[in-house]
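For reference, the chains in residue letters:
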Amino acid sequence: DGGITQSPKYLFRKEGQNVTLSCEQNLNHDAMYWYRQDPGQGLRLIYYSQIVNDFQKGDIAEGYSVSREKKESFPLTVTSAQKNPTAFYLCASGGFEQFFGPGTRLTVL
Amino acid sequence: LAKTTQPISMDSYEGQEVNITCSHNNIATNDYITWYQQFPSQGPRFIIQGYKTKVTNEVASLFIPADRKSSTLSLPRVSLSDTAVYYCLVDPSGAGSYQLTFGKGTKLSVIP
């Protein structure tokens, strides 16, 4: 089955720690995206990548980093510099139609 | 990026047709209008996209007037499973950009 997988589904971290969220797709899409969603809010774009080894900052990139070494993978690192990291993180791939993964809910303790 | 305005919430009874209107006054020539649906704790799902006039698929219809400053998503005969948040987006994919801006969306509650 084609699709996007994100892991883990739930993630807990202590304040001051970096954490990496996984995103994998087998849809053969060039473009991939990371969004953040806070309760009752819409999605905000963190980073996006239109091709391997290239990525651009979205609207709220501060405190996050990404890499795109393979077409299938676009991991997101939430660094200790992110002041309020507790949120629901969504990965997507595609063009005019974006396909979303199931999300990772990150909680900072 | 063009901003959209849509109602925060709507209620509807099962079996009724639901129309959600979105305004996008500063839409650009190359922009499309796209709607996504999101259930709690899941990623959004693409519903429909259009440029002008009317588009229909197996899930919904999208009506876009000639001036393209607004659009209406129509869901025929809703069921309880249509309870979700619906996002209207001005989509710059017509210009080769796939940066999407999601607002707060419209929370649709379907009542038995």
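Quick notes on the rules
- Residues numbered from 1 in each chain as written.
- Chains lettered and ligands numbered in written order.
- Predicted model: local features only at pLDDT ≥ 70, side-chain atom pairs only at ≥ 80, totals over all residues.
- Heavy atoms only, no water.
- Contact = heavy atoms within 4.5 Å.
- Buried area = accessible area lost by both parts, 1.4 Å probe.
- Salt bridge = Lys/Arg side-chain N within 4 Å of Asp/Glu carboxyl O.
- Polar contact = N/O pair within 3.5 Å; in protein donor to acceptor, adjacent residues only side chain to side chain.
- Helix = DSSP H or I, 4+ residues; strand = E, 2+ residues; numbered from the N terminus.
- Buried < 20%, exposed > 50% of the residue type's maximum accessible area, 1.4 Å probe, protein only.
- Pairing = 2+ DSSP bridges.
- Axes fitted to C-alpha atoms, helices over the stretch in contact; angles between N-to-C directions.
- Phe/Tyr/Trp six-rings, centres within 6.5 Å; stacked < 30°, edge-to-face > 60°.

Trainee: Whenever I open this one, the interface of chain B and chain A confuses me. Can you help?
Mentor: One frequently used descriptor of interface size is the decrease in accessible area upon assembly of the parts. With 18 residues of chain B at the interface, the matching set in chain A holds 20 residues. In this assembly, chain B packs against chain A so that about 1600 Å² is buried in total across both faces, 52% of it on carbon and sulfur atoms. Broken down residue by residue, the surface that chain B buries against chain A is led by B:Tyr98, B:Gln99 and B:Phe102, which jointly contribute 32%. Taken together, chain B and chain A are joined by zero salt bridges. The interface formed by chain B and chain A contains four residue pairs in polar contact (both at pLDDT 80 or more). Within the residue set of the side of chain B that touches chain A, elements represented by two or more residues are strand S3 (32–38), strand S4 (45–50) and strand S8 (84–91) of chain B.

Trainee: Help me understand the pattern of salt bridges, please; the structure alone is not making it clear to me.
Mentor: Once the charged atoms of two side chains with opposite charge are near each other, the side chains can pair. All names here are of chain A. Going through the model one piece at a time under the given rule, you end up with three salt bridges over all chains. Of the charged contacts in the structure, one is a salt bridge between Asp 30 and Lys 71, with a shortest N-O distance of 3.4 Å. A residue pair is termed long-range when its members are at least 10 positions apart, and Asp 30 in the loop between strand S3 (19–25) and strand S4 (32–37) and Lys 71 in the loop between strand S7 (64–66) and strand S8 (76–78) qualify at 41 residues. The residue Arg 44 makes a salt bridge to Asp 38 at a minimum N-O spacing of 2.8 Å. When its relative accessible area of 37% is taken as the criterion, Arg 44 is described as partly exposed. In the salt-bridge network here, residues are joined through shared partners; they are Arg 36, Asp 38 and Arg 44.

Trainee: Would you explain the sheet that holds strand S9 (residues 106–111) of chain B in this entry?
Mentor: The pairing of strands in a sheet happens through backbone hydrogen bonds and is either parallel or antiparallel. All names here are of chain B. Taking strand neighbours across the sheet as the criterion, the five strands line up as S1-S9-S8-S3-S4 in an open arrangement whose pairing is mixed. Here the strands that pair on one side only, and so sit at the sheet edges, are strand S1 (9–13) and S4. Averaged over all neighbouring strand pairs, the angle between strand axes comes to 25°, with direction disregarded. Pairing analysis gives five bridges linking S1 to S9, with the strands arranged parallel. If you follow Tyr 13 over to S9, its bridge partner there is Ile 111.

Trainee: How do you make sense of the side chain of B:Gln37 when you look at a structure like this?
Mentor: Residue and element names in this part refer to chain B. Residue position: Gln 37 is located in strand S3. The class for Gln 37 is buried, based on a relative accessible area of 4%. In this structure the side chain of Gln 37 is engaged in a polar contact, spanning 3.0 Å, whose partner is the side chain of Tyr 86.

Trainee: How should I be thinking about the environment of A:Phe12 in this particular structure?
Mentor: All names here are of chain A. In this structure, Phe 12 sits in strand S2 (residues 10–13). By relative accessible area, which is 53% here, Phe 12 ends up exposed. Spatially, the C-alpha atom of Phe 12 lies 6.8 Å from that of Leu 109, the residues being 97 residues apart in sequence. If sequence neighbours within four positions are ignored, Phe 12 has contacts with Thr 107 and Leu 109.

Trainee: How do you make sense of the side chain of A:Thr77 when you look at a structure like this?
Mentor: Residues and elements named next belong to chain A. Structurally, Thr 77 is set in strand S8. On the basis of relative accessible area, Thr 77 is assigned to the buried category, the value being 18%. Beyond its immediate sequence surroundings of up to four residues, Thr 77 is in contact with Asn 18, Val 19, Thr 20, Gly 63, Tyr 64 and Ser 65.

Trainee: How should the packing of aromatic side chains be read in this particular structure?
Mentor: Two numbers describe a pair of aromatic rings. These are the distance of the centres and the angle of the planes. All names here are of chain A. Under the counting rule described, the total for this entry stands at 13 aromatic pairs over all chains. Residues Tyr 35 and Phe 100 carry aromatic rings whose centres are separated by 5.5 Å and whose planes lie at 40° to one another, so their mutual orientation is tilted. Of this pair, Tyr 35 sits in strand S4 while Phe 100 sits in strand S10 (residues 98–100), and the two are 65 residues apart along the sequence. Exposure class is identical for Tyr 35 and Phe 100. Each is buried.

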